[in-house]
Each structure stands twice: as C-alpha cells, then as structure tokens.
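So you can see what is in the structure, the chains are spelled out below.
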Amino acid sequence: AKQKEEFPAGIEFDSSKKRGPFKFTLGKGKAIKAMEMAVATMKEGERAEIICRADFAYGSEGLRKSNGGVMIPPFATLCFDITLLKC
C-alpha cells in the first residue's frame with residue numbers, strides 16, 4: 001500500500017519572522033534538500049516560494065520536537081516562502 005499525507009495547508013510550523021533568520025552554509029547538511037537546492041540558485045534579496053515533496057524535506061521520518069511530539073508528519077509536502085538576505 002502507498003501512503004501519502006500532506007501537511008495541512010495554512011499551518012505554519014516555523015517562521016524566521018518570529019525567531020530570526022535561518023542561517024546555514026550550503027553543502028553542510030544543515031538545511032533540507034529542497035532549501036539547499038533553491039538557495040543555491042538565488043541572488044541576494046530574491047524571494048522564492050518552494051513546494052517540496054517529502055523526499056526533499058523530512059521524508060518518511062517527519063520531524064519531531066524534543067519532547068517527541070510531531071512537528072511535521074511523515075511524508076509531508078511542505079511549502080516555504082523564503083527571501084535570501086545575504087550570500
């Protein structure tokens with residue numbers, strides 16, 4: 001059997017507007033694959049909307065909080081709205 005779950009539309013699971021910019025170095029594995037691929041093609045100040053399949057995000061494992069609660073369910077399709085602040 002195949003299983004497909006999508007993260008409910010409109011549910012915000014993270015926001016740099018609340019916690020500050022997400023900083024990472026390309027190629028170091030600190031961001032999901034979709035983010036690495038998108039940011040690598042962007043110019044400073046550019047905005048992008050990214051829709052990524054589970055295999056480019058958190059896959060069959062999903063993402064859990066430190067207390068074990070589900071933050072992002074397994075096989076979730078995710079949507080990101082990002083702006084590259086600095087290269």
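Up top you'll find the structure we're talking about.
Residues numbered from 1 in each chain as written. Predicted model: local features only at pLDDT ≥ 70, side-chain atom pairs only at ≥ 80, totals over all residues. Heavy atoms only, no water.

> It is not clear to me how the environment of A38 should be interpreted in this structure. Could you clarify?
Locating A38 in the fold gives a position in helix 2 (residues 33–39). The exposure class assigned to A38 is buried, which follows from its relative accessible area of 16%. For the pair A38 and F22, spaced 16 residues apart in sequence, the C-alpha separation works out to 14 Å. (Helix = DSSP H or I, 4+ residues; strand = E, 2+ residues; numbered from the N terminus. Buried < 20%, exposed > 50% of the residue type's maximum accessible area, 1.4 Å probe, protein only.)

> Teacher, can you tell me more about the layout of surface pockets here?
Any empty space left between atoms is shown by rolling a water-sized probe over those atoms. By volume, the largest pocket is sized at about 1400 Å³. Around the largest pocket, the lining is made up of 40 residues, and of these S16, M35, F80, D81 and I82 lie nearest the centre. Elements with a contribution of two residues or more to the lining of the largest pocket: helix 1 (16–19), helix 2 and strand 4 (78–83). Of the residues forming the lining of the largest pocket, the biggest block, six residues, is contributed by strand 4. (1 Å grid on protein atoms, 1.4 Å probe; cavity = no way out; pocket = protein on both sides within 12 Å on 5 of 7 lines; lining within 4 Å. Points joined across faces, edges and corners; volume = space filled by probe spheres on them.)

Bear in mind that shape data such as this cannot, by itself, settle questions of function.
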